[in-house]
Amino acid sequence: MEAVKKQYRIATRNCGFIDPESIEAYIQVRGYEALAEAVTNKKPADVWFLAVNSGLRGRGGGGFPTGLKWEITARNQADQKYVVCNADEGDPGAFMDRAVLEGDPHSIVEAMALCGYAIGATFGTVYIRAEYPLAIKRLQMAINDAREAGVLGKQIFGSSFDFDIELKYGAGAFVCGEETALIHSMEGERGEPTTKPPFPAESGYWGKPTAINNVETFANIAPILLNGAQWFAGIGTEKSKGTKVFALAGKVKNVGLIEVPMGITLQEIIFEIGGGILGGKKFKAVQTGGPSGGALTEKDLDTPIDYDNLIAKGSMMGSGGMIVMDEDDCMVSVAKFFLDFTMDETCGKCTPCRIGSKRLYEMLDKITQGKGSAEDLSRLKLLSAAIKDTALCGLGQTMPNPILSTMSVFADEYAAHINQKKCPAGVCTALLEYVVVAGKCVGCTACARACPVSCISGKVKEVHHIEQNSCIKCGACIERCKFGAIIKQ
Amino acid sequence: MAKINSLADLSKRREQLLAAAAANTNTIVNVSLGTCSIASGGQKALNVMKDAVAQNQVGNVEFKQSGCMCFCFAEPTVEVTLHGREPVVFGYVDEAKAEAIVKKYIMNGEMLDGVIPVNYTKA
């Protein structure tokens, strides 16, 4: 790995450096200074004003300006308001929120208290998925220690500001990352979304004005208050400020969490920080935004990454999953994988999402089985457009993105599945044939002995033959052959 | 921890903690123990190093834990700070490597393979 300092750590500034189970370790790195300073010397409006000027946008996926959200919540009058932290991280392959909660839980406690001070709330709730037991343990420990130190509770730092936090556990439903569904789940209702407006800033938890932000968004708050809005606004691109944490996964050498300034290119992320593609293979695409995003290809390698550029490219920022794919990945199968996920995770409230996901999945499955037709392609497009227009919440509206994006960028691959009944990447088993290369086969019979369905025939020292009708495409023969005489095509 | 009553109180507390840290001449061994670090053997690495320190009667070694160091490809990871030196992060710390960290780097200051370079700037 090159020692180039392409990364800039703000949200993960303390992750891996301090003991997450010690409030003293956090205080040493200027912990709670932003909160103490705010409640002592700043008015609540100064705090949301700083958030507005920093240009920070929500890191959970939507990218809504955080400061504006706080301002609206602060301006709405009510006897009680709430702060909610969305820690229901559900994107396949994304784990930055868990890393922050496990590595620096006090930064979330501090940021929630700051948000409470800014909007006039005295109570905060973290909605965290029960699948994160260590994150829950450390966060609960942080809350207890903060209470004991008087950082949470009544009259924080001698001011008149009171704030406390409790945890609510989610059962791991993907839809509960959607803010209205999350709020219903916290209230004990089914985790189903409702139409917006009203936005939570107006009527959220228990019908009261609620500021709801993602873990990574909160993790940026204390540095903004300590270093100033101008400092933060100086990082990133014109419309996307600061940094973004990505979970780099897939066929790349250095998988892991990376935090990079907005505006960095995919080229820098994959080939410099990521160290390039595994096994010297050829880069094919990268999926950003998880099941709600799309595929970016070689021609997008030099595009500066920010919220708006990704949307313009038919993908989205999402929560920051970044799955790198090489020449051995089949894009139809990738789209099918994500649809399988959304089909499982749809809450079932609205018809376009509940039934549409199933129908989309069936069509993709048909194509990967080699039974697709040209009409299936136009039907996929038509249904995708209809779902985008009519689904109730973000989950449904973005669900067709992986299909639309791969269909536009890898049209030839869909065509190969449908017209030639071939999978160019060699992934869709129904479309593959295992064949013996006559020139390489020495007739050792190893493959015939390995074949579980005995469909390989041939005498010793003669070229063998695979009977296609009986072959179950298990690949046992390829693994056994020492001469590279069996290939998939 | 005693209650912190004001901004001044917090600053004072921080200064005390920083002074104590500056006066600390121990070797500090910081093991990454997030969920994935533990899954890849971080706890085992910590146990092996603790045993090696006890067996070899190495004094002045302090073990700490942290969350994810964000080097998933090289887990388990261990950061060692010898007194007066820059912290060094070792990756791929299996049992043999954990023992070598104690016997070679901590006891003799002898550098090992698998050091992860600093590739970030911090806020």
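Residues numbered from 1 in each chain as written. Chains lettered and ligands numbered in written order. Predicted model: local features only at pLDDT ≥ 70, side-chain atom pairs only at ≥ 80, totals over all residues.

Draft legend 1. How the structure looks around the overall build of chain B. Across its full length, chain B holds 4 helices and 5 strands. Order of helices (α) and strands (β) in chain B, N terminus to C terminus: α-β-α-α-β-β-β-α-β. Taking the principal axes of the C-alpha coordinates as reference, chain B spans close to 50 × 30 × 25 Å. Here chain B, with 123 residues, has 37% of them falling under the buried criterion. (Helix = DSSP H or I, 4+ residues; strand = E, 2+ residues; numbered from the N terminus. Buried ≥ 20, exposed ≤ 12 C-beta atoms within 10 Å, placed from the backbone.)

Draft legend 2. Spatial organisation of the nonpolar core. Grouped together as the largest cluster of nonpolar side chains are 174 residues, with contacts concentrated most on Ile108(A), Met112(A), Leu114(A), Met49(B) and Ile101(B). Residue contributions to this core peak at 10 residues, all from helix α6 (residues 105–119) of chain A. The residues touching Met112(A), leaving out its near neighbours within four places in the chain, are Val83(A), Cys85(A), Gly124(A), Ile165(A) and Phe218(A). Listed in part, the 11 residues of the second largest apolar core include Ala448(A), Cys451(A), Ile456(A) and Cys477(A). (Core = buried A, V, L, I, M, F, W, Y, C linked by C-beta atoms within 7 Å. Contact = placed C-beta atoms within 7 Å.)

Draft legend 3. How the structure looks around the domain arrangement of chain A. Residue and element names in this part refer to chain A. As assigned here, chain A comprises domain 1 (23–233), domain 2 (243–326), domain 3 (331–420) and domain 4 (433–488). The C-alpha centroid of domain 3 is placed 22 Å from the C-alpha centroid of domain 2. Opposite the 12 residues of domain 2 that make contact, domain 3 presents 13 residues. Among the elements that line the side of domain 2 that touches domain 3, the one with the most residues is strand β9 (residues 294–297), at 3 residues. Here the residues of the side of domain 2 that touches domain 3 are counted per class, giving 5 nonpolar, 7 polar and no charged. (Domains from an automatic or database assignment. Nonpolar A, V, L, I, M, F, W, Y, C, P; charged D, E, K, R; others polar.)

Draft legend 4. How the structure looks around the interface of chain B and chain A. Counting residues at the interface gives 31 residues for chain B, matched by 48 residues for chain A. Of all the elements in the fold, those that place two or more residues in the side of chain B that touches chain A are α1 (7–23), β2 (61–66) and β5 (120–122) of chain B. Among the elements that take part in the side of chain B that touches chain A, α1(B) stands out by supplying 7 residues, more than any other. Strand direction decides the pairing type here: strand β1 (residues 7–9) of chain A and β5(B), joined by 3 bridges, are parallel. Along β5(B), the bridge assignment pairs Tyr8(A) with Thr121(B). (Pairing = 2+ DSSP bridges.)

Draft legend 5. Quick look at the sheet that holds strand β3 (residues 78–81) of chain B. Residues and elements named next belong to chain B. Strand order in this open sheet of 4 strands is β2-β1-β3-β4, and the pairing throughout is mixed. Taken across any chain shown, the strands that pair with only one partner, and hence form the sheet edges, are β2 and β4 (88–90). Adjacent strand axes in the sheet meet at a mean angle of 25° when their direction is disregarded. Two elements, β3 and β4, share 3 bridges in a ladder whose sense is antiparallel. Each bridged residue has a counterpart across the sheet, and for Val78 the counterpart in β4 is Phe90. Here helix α4 (residues 95–108) sits on the sheet in contact with β1 (27–32), β2, β3 and β4, set at roughly 10° to β3. (Axes fitted to C-alpha atoms, helices over the stretch in contact; angles between N-to-C directions.)

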